[in-house]
Amino acid sequence: MRFLALDQSLASTGWAVFDNNTLIAADVFTVSKTAPMDRRLLEIYKHLTELYHEYEFEKVYFEDIQLQAGNALTFKHLAYAQAAIILWCGHMSMGWSMSAPSHWRKVLGGGFGRKRAEQKRYAIQLVQKWYDTEVPSDVADAICIGRAAIQESRERKVAFDETSENK
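Residues numbered from 1 in each chain as written. Predicted model: local features only at pLDDT ≥ 70, side-chain atom pairs only at ≥ 80, totals over all residues. Heavy atoms only, no water.

**Things to note about the side chain of Gln82**
So, point 1. Along the chain, the position of Gln82 falls in helix H2 (residues 72-91).
So, point 2. A relative accessible area of 10% places Gln82 in the buried class.
So, point 3. Excluding residues that lie within four positions of it along the chain, Gln82 makes contacts with Gln8, Phe62, Glu63, Asp64, Ile65 and Met98. (Helix = DSSP H or I, 4+ residues; strand = E, 2+ residues; numbered from the N terminus. Buried < 20%, exposed > 50% of the residue type's maximum accessible area, 1.4 Å probe, protein only. Contact = heavy atoms within 4.5 Å.)

In structure tokens:
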């Protein structure tokens, strides 16, 4: 199965495509920080469509959102980005699953630390170890999300909540 893993945001979204459990591509797409919200969400939609046309994946795995340090506005914006992904998947009749960050990190064996900077650094280190390449933190998280999805399917762990009808 070919799938897309995302570490989404309204600025820089890391993505990784896996085919038969092998990483075949990973990068980041950016969204204008100054555009009105509807345009930013449409940019996410457009990027997902472009990735689909290039890689023809069958499912999307992404991170669930969580309130961090009481920043309600950031949480709200991440909810918009998450909704854009869910709507895109619905429009494409695409299966999708999301996982809390703590769950996918646990599937990968933990060790990420408690602070965001530690978690980002550790994800970069894991990707360096697995693929002998250095990537930005958004891409590293997307790759880790994909690896957790693979690990979950192998070990029958439940990191990703099956939330779409199209599996």
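**Comments concerning the confidence of the model for the protein**
So, point 1. For the protein, the average pLDDT comes to 90, and 92% of its residues sit at 70 or higher.
So, point 2. Ranking the helices and strands of the protein by mean pLDDT puts strand E1 (residues 2-7) first, with 98, and strand E6 (residues 161-162) last, with 54. (pLDDT = per-residue confidence, 0-100.)

**Re the packing of aromatic side chains**
So, point 1. Using the criterion set out here, one finds 10 aromatic pairs in the structure.
So, point 2. For the ring pair Phe3 and Tyr61, a centre distance of 5.0 Å and an interplane angle of 75 degrees mean the geometry is edge-to-face. One end of the pair, Phe3, is in strand E1; the other, Tyr61, is in strand E4 (residues 59-63), with 58 residues separating them in the sequence. Here the two residues Phe3 and Tyr61 agree in accessibility, since each one is buried.
So, point 3. One aromatic cluster is present, built from ring pairs that chain together Phe3, Phe18 and Tyr61.
So, point 4. Taking NZ or CZ as reference, Arg105 lies 5.6 Å from the ring centre of Phe112, over its face.
So, point 5. Sitting over the ring of Trp130, Arg147 keeps its end group 3.8 Å from the ring centre. (Phe/Tyr/Trp six-rings, centres within 6.5 Å; stacked < 30°, edge-to-face > 60°. Lys NZ or Arg CZ within 6 Å of the ring centre and 35° of its normal.)

**Brief notes about the pattern of salt bridges**
So, point 1. Using the criterion set out here, one finds five salt bridges in the structure.
So, point 2. Across the pair Arg2 and Asp19 runs a salt bridge whose closest N-O atoms are separated by 2.8 Å. Here Asp19 lies in strand E2 (residues 12-19) and Arg2 lies in strand E1, a separation of 17 residues in the sequence.
So, point 3. Ionic pairing is found between Lys120 and Asp141, a salt bridge with its closest N-O pair at 2.6 Å. In this pair, Lys120 sits in helix H4 (residues 116-131) while Asp141 sits in helix H5 (residues 137-155), placing the two residues 21 residues apart along the sequence. Taken as a pair, Lys120 and Asp141 share a single burial class, namely buried.
So, point 4. A single network of salt bridges, built from pairs that share partners, joins Asp7, Lys120, Asp138 and Asp141. (Salt bridge = Lys/Arg side-chain N within 4 Å of Asp/Glu carboxyl O.)

**Considerations on the environment of Arg147**
So, point 1. Inspection of the secondary structure puts Arg147 in helix H5.
So, point 2. We classify Arg147 as partly exposed; its relative accessible area is 25%.
So, point 3. Filtering out sequence-adjacent residues up to four positions away, Arg147 remains in contact with Phe18, Leu108, Trp130 and Tyr131.

**Focus on the pairing of E2**
So, point 1. Counting buried positions along E2 yields six of eight residues, so the element is predominantly enclosed.
So, point 2. Sheet topology note: the E1/E2 ladder contains six bridges and is antiparallel. Bridged to Phe3 within E2 is Phe18.
So, point 3. Remark: four residues form the turn of the hairpin made by E1 and E2, two consecutive strands paired antiparallel.
So, point 4. Note that E2 and strand E3 (residues 22-30) share eight bridges and pair antiparallel. Bridge pairing links Asp19 to Thr22 in E3.
So, point 5. Between E2 and the antiparallel strand that follows it, E3, lie two residues; Asn20 among them carries a positive phi value of about 50 degrees. (Pairing = 2+ DSSP bridges.)

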